Amino acid sequence: MTSSGTAEPAILGVTELTSDPELGARLVESAHRILADLVREGAALGWVEPPSRDEVAELLGHVVAAVQAGDGALRAAYLDRRLVGLGYWLRYVRPTHRPHADLEKIAVDVAVQGRGVGRALTAALIADARRAGVEILTLDARGDNSDALRLYRSLGFTEYGRLPDFVAVGERRYDKVFYMLDFRRQG
Ligand SMILES: CC(C)(COP(=O)(O)OP(=O)(O)OC[C@H]1O[C@@H](n2cnc3c(N)ncnc32)[C@H](O)[C@@H]1OP(=O)(O)O)[C@@H](O)C(=O)NCCC(=O)NCCS
């Protein structure tokens with residue numbers, strides 16, 4: 001792992017996380033801190049209120065089980081052995097959608113945003129999807145999340161639809177934007 005403040009993050013998968021007992025044991029606490037802080041600051045991650053520790057533990061348990069069953073990928077970004085970001089995709093459960101997967105969350109600690117961690121995580125998850133034979137990787141985002149949308153477009157995602165004023169945060173409404181990356185068209 002690296003030691004300087006501008007260093008490249010180490011991007012680990014489930015195999016590396018589960019073979020390092022110290023990192024594995026801290027994963028839920030660290031992920032909860034990152035996700036709850038982001039939601040508290042208004043991040044568009046699907047929660048209106050910050051998730052509880054138990055909710056994050058349940059989510060990660062579900063994702064790790066899916067990864068171990070070959071139905072997903074989870075990536076965690078570390079700087080100096082400190083978790084600074086995470087993201088995952090899961091294959092669709094519906095039998096007719098099984099060739100495809102959905103990139104459900106990418107989250108980077110507010111303190112290190114804008115330093116390439118989100119790009120490194122997303123690129124690793126795309127590479128995982130390609131390796132797993134996923135045909136189309138989808139994601140959706142809140143329409144005002146322009147930094148995230150710019151990142152996804154720069155990695156090859158294109159918009160395939162939009163639901164106007166769909167995402168409800170209190171009285172506010174935002175577009176829900178749908179992006180896809182079709183590996184079949186990429187050769
Ligand atoms: C979106 C998010 C994951 C990006 O992670 P990040 O580590 O900050 O992003 P990176 O530093 O890798 O930047 C990647 C690209 O995103 C855009 N970007 C990220 N932060 C930016 C900022 N502060 N200002 C402008 N553009 C920014 C740029 O296009 C950048 O491109 P570049 O690599 O050519 O500079 C992160 O900001 C985040 O966790 N946001 C809150 C949660 C969220 O919205 N997740 C996405 C849900 S769909």
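Residues numbered from 1 in each chain as written. Predicted model: local features only at pLDDT ≥ 70, side-chain atom pairs only at ≥ 80, totals over all residues. Heavy atoms only, no water.

## Let's talk about the packing of aromatic side chains
What counts here: Only Phe, Tyr and Trp rings take part, Trp by its six-membered ring, and two of them pair if their centres are within 6.5 Å. Stacked means planes under 30 degrees apart, edge-to-face means over 60, and tilted covers everything else. In this description a helix means any DSSP run of H or I spanning at least four residues, a strand means any run of E spanning at least two, and both kinds are numbered starting from the N terminus. Exposure is judged per residue with a 1.4 Å probe applied to protein chains only, and the accessible area is read against the type maximum: over 50% gives exposed, under 20% gives buried, and values in between give partly exposed.
The final tally for this structure, using the stated rule, is two aromatic pairs. A ring pair is formed by Y160 and F178, whose centres lie 5.7 Å apart and whose planes are at 45 degrees; its orientation type is tilted. Of this pair, Y160 sits in strand 6 (residues 158-169) while F178 sits in strand 7 (residues 172-182), and the two are 18 residues apart along the sequence. Judged by relative accessible area, which is 17%, F178 ranks as buried.

## Focus: the site of the ligand
The test is simple: The rule for a residue being near a molecule or strand is that one of its heavy atoms must lie within 4 Å of it. Pairs of N or O atoms are called polar contacts if they sit within 3.5 Å, as long as, within protein, a hydrogen donor faces a hydrogen acceptor (for residues adjacent in sequence, only side-chain-to-side-chain pairs). In this description, accessible areas are obtained by the Shrake-Rupley approach with a 1.4 Å probe, and a residue is regarded as covered only by the protein chains that are shown. Any residue that is not Ala, Val, Leu, Ile, Met, Phe, Trp, Tyr, Cys, Pro, Asp, Glu, Lys or Arg is counted as polar, Gly included; the first ten are nonpolar and the last four charged.
Taken together, the neighbourhood of the ligand is formed by 21 residues, with V108, G116, G118, R119 and N145 sitting nearest. R115 places a main-chain nitrogen or oxygen 3.0 Å from an oxygen atom of the ligand. Measuring from an oxygen atom of the ligand, one finds a backbone N or O atom of G118 at 2.7 Å. For the ligand, the protein covers 73% of the area, taking 910 Å² as the surface of the free molecule. Secondary-structure elements contributing two or more residues to the shell around the ligand are strand 4 (101-108), helix 4 (117-131) and helix 5 (146-154). It is helix 5 that contributes the most residues to the shell around the ligand, five residues altogether. Looking at the shell around the ligand, its residues break down into twelve nonpolar, five polar and four charged.

## Quick notes on the sheet that holds strand 2 (residues 72-79)
For clarity, the cut-off: A pair of strands is considered paired only if DSSP assigns at least 2 bridges between the two. For helices, the fitted line uses only the C-alpha atoms of the stretch in contact; every axis is such a line through C-alpha atoms, and the angle between N-to-C directions lies from 0 to 180 degrees. Only heavy atoms enter the contact rule, under which two residues are in contact if any of them lie within 4.5 Å.
Ordered in space as 1-2-3-4-5-7-6, the seven strands form an open sheet in which the pairing is mixed. Each edge of the sheet is formed by a strand with only one pairing partner; in this case those strands are strand 1 (10-12) and strand 6. Between one strand axis and the next, the sheet turns through 25 degrees on average, direction left out of account. Across two bridges, the pairing between strand 4 and strand 5 (residues 136-142) is parallel. Looking at strand 5, one finds that D102 is bridged to T138. In the packing of helix 3 (residues 53-68) onto the sheet, the strands contacted are strand 2, strand 3 (82-91) and strand 4, and the crossing angle to strand 2 comes to about 120 degrees. In this fold helix 5 packs onto strand 4, strand 5 and strand 7, with an angle of close to 10 degrees to the strand it touches most, strand 7.

## Description of helix 4
The cut-off we apply is this: Between the first and last residue of a helix there are one fewer steps than residues, each counted as 1.5 Å, and that sum is the expected span.
With 15 residues, helix 4 ought to run about 21 Å at 1.5 Å a step, and its terminal C-alpha atoms sit 21 Å apart, in line with that. Within helix 4, the full set of buried residues consists of V117, G118, L121, T122, A124, L125, I126, D128 and A129.

## Side note on the UniProt feature "domain: N-acetyltransferase" (unreviewed entry) in the chain
Selection criterion: UniProt positions are given in the numbering used here, feature names are shortened, and annotations may be inferred rather than shown by experiment.
As annotated by UniProt and renumbered to match this structure, "domain: N-acetyltransferase" (unreviewed entry) occupies residues 26-185. As annotated, residues 26-185 has a helix share of 34% and a strand share of 35%, and its two end C-alpha atoms lie 39 Å apart.

## Here's the deal with unusual backbone geometry
Phi is positive for D80, close to 55 degrees, though the residue is something other than glycine. Structurally, the position occupied by D80 is in the loop between strand 2 and strand 3. A relative accessible area of 43% places D80 in the partly exposed class. With phi around 50 degrees, D165 is a residue other than glycine that occupies positive phi space. The residue D165 is located in strand 6 in this model.

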